[in-house]
Amino acid sequence: MDRAASSAAATPSRRPDVREGEGFTILFEDRFGQRAIPAWAGESVAAALLAAGERAWRTAEDGSQRGLFCGIGVCWECRCIIDGRPNSRACQTEARPGLSVRWQVGPGLLPDGGLPDGGAS
Amino acid sequence: MSRARVVVVGAGPAGMMAAAQAARLGCAVVLVDEAPRPGGQIHRQPPPSLAGGAVSAAARPEAERKRRLFDRFARHAGAIDHRPGTSVTAIYGLDRILIADETSSRLIRADALVVATGLHERVVPVPGWTLPGVVTAGALQALLKGGRVRAGDRIALAGAGPLPLVAAAQMVEAGATVPVVALLRPPWSPLWPGLLRDPAALWAGRGVLSEGWRWLSVLRRAGVPVLTRHVALSVSGDGAAERLVIARHDGRGRPVPGTERRFAADTVAFNHGFTANSELARMAGAETRFDPRRGGWLPVRDGDGATSVPGLFVAGDAGGFAGGLAAACDGAVVGAAAAGWALHRDAGRFAAQAAADRAERARHWTFQAALAASWELPRDIHELVTPATVVCRCEGVTRARIDRAVADGHDGLNGLKRNTRAGMGSCGGRSCLRTLAALAGPRGEGEAVNARPGIRPVTLAALANRVSDESVGS
Ligand SMILES: Cc1cc2nc3c(=O)[nH]c(=O)nc-3n(C[C@H](O)[C@H](O)[C@H](O)COP(=O)(O)OP(=O)(O)OC[C@H]3O[C@@H](n4cnc5c(N)ncnc54)[C@H](O)[C@@H]3O)c2cc1C
Ligand code: FES
């Protein structure tokens, strides 16, 4: 999947109905590096990632990649490391300016195998 | 701390009305809801910062229902201790209900407890359903209603019942291309026999029917193919969803050879009906029965929503799918009963206060009983779950592993869970228990599935930071 291309094409048009609101950026770091993702006050981290064309932000124990599934906090598929806290649900966390989202591997590791240095899980 | 207290779990239409009713009748009310804003699944609200544009003609009936509900709630909201962003994670008894938010937890007590937790979606697994880009139909709606974001640009949908159609039409209005909606059977066909026999039901359902008709018109105008009697075979793609493969089925859910069709899509959404969020009621000891059409394991309840546990009530879709309109009426009825119980140990005390809601609820229930048939899945639908398909997404348990356990005699749902760890992961089995029950052999669906405390993972910080009950609802 050509990540850069799909993101660039997706960004403006996937928010069909936003008339007002405050735009800002959050930081998304996956195995390839970090980039800024546009977000709107009040939307979920998952919404911002999807609007930017990201579809996965976690590697499950069996090695497969996962992203959003149920969208309502039920399935726990959208887990990732948010502001240092592993196993945070992207669909249940509101985006805030400067919030950091990091790709989660397995039970809560970073892609390089390290432990995130944030709060308890 | 002496006022009779009603605790309501869930701020969807049912919980909002139950809380408003109990407050009106003089109880101290605590309304605990996981979501940041009231409204529940159907009236999921965007934050004020994302106030949106115009409402389309097809979306107007829902917007109107929402306005009426919020008006009624607002009249009593001042008397309700509403706790958004807070989950009930365990019930050890009415006097010991564990609630937790991100940073703290507490045990609270209730004189009457109303469980109005709604339901979540059921999805029948197919190969490829764990790929990124595969979501539930409700997830599409949640993103759009809660955040005004469209999940993808080319969105294919498949499943049963009306939700895939409604979600598809909403995606079209949000600017997506929908290459196909594939349904196991037309959701309208099981409806007619029941409705034609019962004109009252037809009349009660006229609003929902005309709304459905409007959504179908949106799809027709956009030229979206709606294929009925079709079954999803797989989703595939290089690391993420790229296409959905479907085929005609023989009426039992088995694909007819030579009828496969593939549709390119960056997002594939499924819905095969709903599963009631009945864990809390089960944990509190309520008797259940299994109803495959209306949400699986349902608490047994009477017309007041009273369960087999004194003081424990269930309201709205948590008691079985009946839709948002019925849920609001039901909430008003059950709220009155809970108030009667809390204040006088007599659930019938305020029955007259809820007579109009009770009558309206009966009309919606008749219509919904006819609609429920559209969630009857074809008999052999689970034959399509191949051995390598992951059934339990959390623990990565495949169909082959489950079949082996069943062959080894671990049939029955609870035995299967223990033996394979399927259904024991982060989601608490909510993504797979229905499938497990179907695969578990003859005892699967009948067996009352256990519910253990801790249905929501709580942060250690919140558990460590236990605060007292004093400040709640007073
Ligand atoms: C994904 C989805 C999509 C739907 N789409 C449509 C549609 O397009 N049209 C339509 O007519 N109907 C739709 N429905 C059905 C409709 O949402 C319901 O009929 C209606 O919302 C039922 O109201 P309720 O109050 O019973 O439950 P809900 O509205 O589901 O409210 C339940 C509330 O309980 C909360 N909750 C659950 N567990 C806990 C807990 N342990 N602790 C604290 N809070 C908890 C939830 O956060 C939620 O706010 C949909 C349902 C779902 C699940
Ligand atoms: S997508 Fe299911 S919990 Fe977030």
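Regarding the overall build of chain A
Phase 1: The helix and strand tally for chain A stands at two helices and eight strands.
Phase 2: Its helices and strands in sequence order give chain A the pattern α-β-β-α-β-β-β-β-β-β, from N to C terminus.
Phase 3: Counting all 121 residues of chain A, 53% fall into the buried class.
Phase 4: Entry remark: accessible area of chain A is about 4900 Å², with carbon and sulfur atoms responsible for 51%.

Here we look at the interface of chain B and chain A
Where the parts come together, the accessible area they lose is often given as the size of the interface.
Phase 1: Residue-level contacts link 49 residues of chain B with 34 residues of chain A.
Phase 2: When the two sides are added together, the surface that chain B and chain A hide from each other amounts to roughly 3600 Å², 54% of it contributed by carbon and sulfur.
Phase 3: One salt bridge connects B:Asp153 with A:Arg14, and the closest N-O pair in it is separated by 3.0 Å.
Phase 4: Where chain B packs against chain A, one counts twelve residue pairs in polar contact (both at pLDDT 80 or more).
Phase 5: Among the secondary structure elements, those contributing two or more residues to the side of chain B that touches chain A are strand S9 (134–136) and helix H3 (137–147) of chain B.
Phase 6: Sort the elements by how many residues they give to the side of chain B that touches chain A and H3(B) lands first, with seven residues.
Phase 7: For the side of chain B that touches chain A, a count of residues per class yields 23 nonpolar, 17 polar and nine charged.

Topic: the site of ligand 1
All names here are of chain B.
Phase 1: Around ligand 1, 35 residues are found, and the nearest of them are Ala14, Asp33, Gln41, Val88 and Asp317.
Phase 2: At a separation of 2.9 Å, an oxygen atom of ligand 1 approaches a polar backbone atom of Ala14.
Phase 3: A distance of 3.0 Å separates a nitrogen atom of ligand 1 from a polar backbone atom of Val88.
Phase 4: Coverage of ligand 1 by the protein chains reaches 93% of its 980 Å² of free accessible surface.
Phase 5: Breaking the shell around ligand 1 down by element, the ones donating at least two residues are helix H1 (13–24), strand S4 (87–93), strand S8 (119–121), H3, helix H4 (163–173) and helix H9 (323–344).
Phase 6: Counted by class, the shell around ligand 1 contains 17 nonpolar, 13 polar and five charged residues.

What about the packing of aromatic side chains?
Phase 1: As enumerated under the stated definition, the model contains five aromatic pairs over all chains in all.
Phase 2: Consider the rings of B:Phe274 and B:Phe321, whose centres lie 5.0 Å apart with planes at 20°: the pair is stacked. Here the residue B:Phe274 occupies a position in strand S17 (residues 274–276), and B:Phe321 occupies one in the loop between strand S20 (312–314) and H9, the gap between them amounting to 47 residues.
Phase 3: Of the residues examined, B:Phe321 reaches a relative accessible area of 14% and is grouped as buried.
Phase 4: Here a set of aromatic residues connected by ring pairs shows up, and it is made of B:Phe274, B:Phe321 and B:Trp375.
Phase 5: Over the face of the ring belonging to A:Trp103 we find A:Arg31, whose NZ or CZ atom lies 4.4 Å from the ring centre.
Phase 6: Lying across the ring of A:Phe69, B:Arg393 places its NZ or CZ 3.8 Å from the centre.

Re the nonpolar core
Phase 1: Ranked by internal contacts, the top residues of the largest apolar core, which has 65 residues, are A:Ile26, A:Trp57, A:Leu68 and B:Leu157.
Phase 2: Here this core gets eight residues from one element, more than from any other, and that element is H4(B).
Phase 3: Excluding its chain neighbours within four sequence positions, the residues that come into contact with B:Leu157 are B:Ala137, B:Leu140, B:Pro164, B:Ala167, B:Ala168, B:Val178, B:Val180, B:Val181, B:Ala182, B:Leu244 and B:Ala269.
Phase 4: Grouped together as the second largest cluster of nonpolar side chains are 38 residues, B:Ala4, B:Leu69, B:Ile80 and B:Phe350 included.

Quick word on unusual backbone geometry
Phase 1: Even without a glycine there, the phi angle at A:Asn87 is positive, about 60°.
Phase 2: With respect to the helices, strands and loops of the structure, A:Asn87 is situated in strand S6 (residues 85–89).
Phase 3: Owing to a relative accessible area of 23%, A:Asn87 belongs among the partly exposed residues under this scheme.
Phase 4: Although it is not a glycine, B:Arg421 sits at a positive phi angle of roughly 70°.
Phase 5: Topologically, B:Arg421 is positioned in the loop between helix H12 (413–420) and helix H13 (433–439).
Phase 6: Relative accessible area serves as the criterion here: at 40%, B:Arg421 is assigned to the partly exposed category.

Describing the domain arrangement of chain B
All names here are of chain B.
Phase 1: In terms of domains, chain B is made up of domain 1 (5–120 + 275–372), domain 2 (123–272) and domain 3 (383–446).
Phase 2: For domain 1 versus domain 2, the distance between C-alpha centres works out to 28 Å.
Phase 3: On the domain 2 side, the residues contacting the 23 residues of domain 1 number 21 residues.
Phase 4: Between domain 1 and domain 2 the total buried area reaches about 1800 Å² when both faces are included, carbon and sulfur atoms providing 64% of it.
Phase 5: Counting across the domain 1 and domain 2 interface gives one salt bridge.
Phase 6: Across the pair Arg65 and Glu211 runs a salt bridge, and its minimum N-O distance is 2.9 Å.
Phase 7: Here domain 1 is connected to domain 2 by one residue pair in polar contact (both at pLDDT 80 or more).
Phase 8: Elements with a contribution of two residues or more to the side of domain 1 that touches domain 2: helix H2 (60–74) and helix H10 (355–371).
Phase 9: Residue contributions to the side of domain 1 that touches domain 2 peak at six residues, all from H10.

Reading the values: rules and limits
- Residues numbered from 1 in each chain as written.
- Chains lettered and ligands numbered in written order.
- Predicted model: local features only at pLDDT ≥ 70, side-chain atom pairs only at ≥ 80, totals over all residues.
- Heavy atoms only, no water.
- Helix = DSSP H or I, 4+ residues; strand = E, 2+ residues; numbered from the N terminus.
- Buried < 20%, exposed > 50% of the residue type's maximum accessible area, 1.4 Å probe, protein only.
- Areas by Shrake-Rupley, 256 points an atom, 1.4 Å probe, with all protein chains shown as cover.
- Contact = heavy atoms within 4.5 Å.
- Buried area = accessible area lost by both parts, 1.4 Å probe.
- Salt bridge = Lys/Arg side-chain N within 4 Å of Asp/Glu carboxyl O.
- Polar contact = N/O pair within 3.5 Å; in protein donor to acceptor, adjacent residues only side chain to side chain.
- Nonpolar A, V, L, I, M, F, W, Y, C, P; charged D, E, K, R; others polar.
- Near = heavy atom within 4 Å.
- Phe/Tyr/Trp six-rings, centres within 6.5 Å; stacked < 30°, edge-to-face > 60°.
- Lys NZ or Arg CZ within 6 Å of the ring centre and 35° of its normal.
- Core = buried A, V, L, I, M, F, W, Y, C linked by side-chain atoms within 4.5 Å.
- Domains from an automatic or database assignment.

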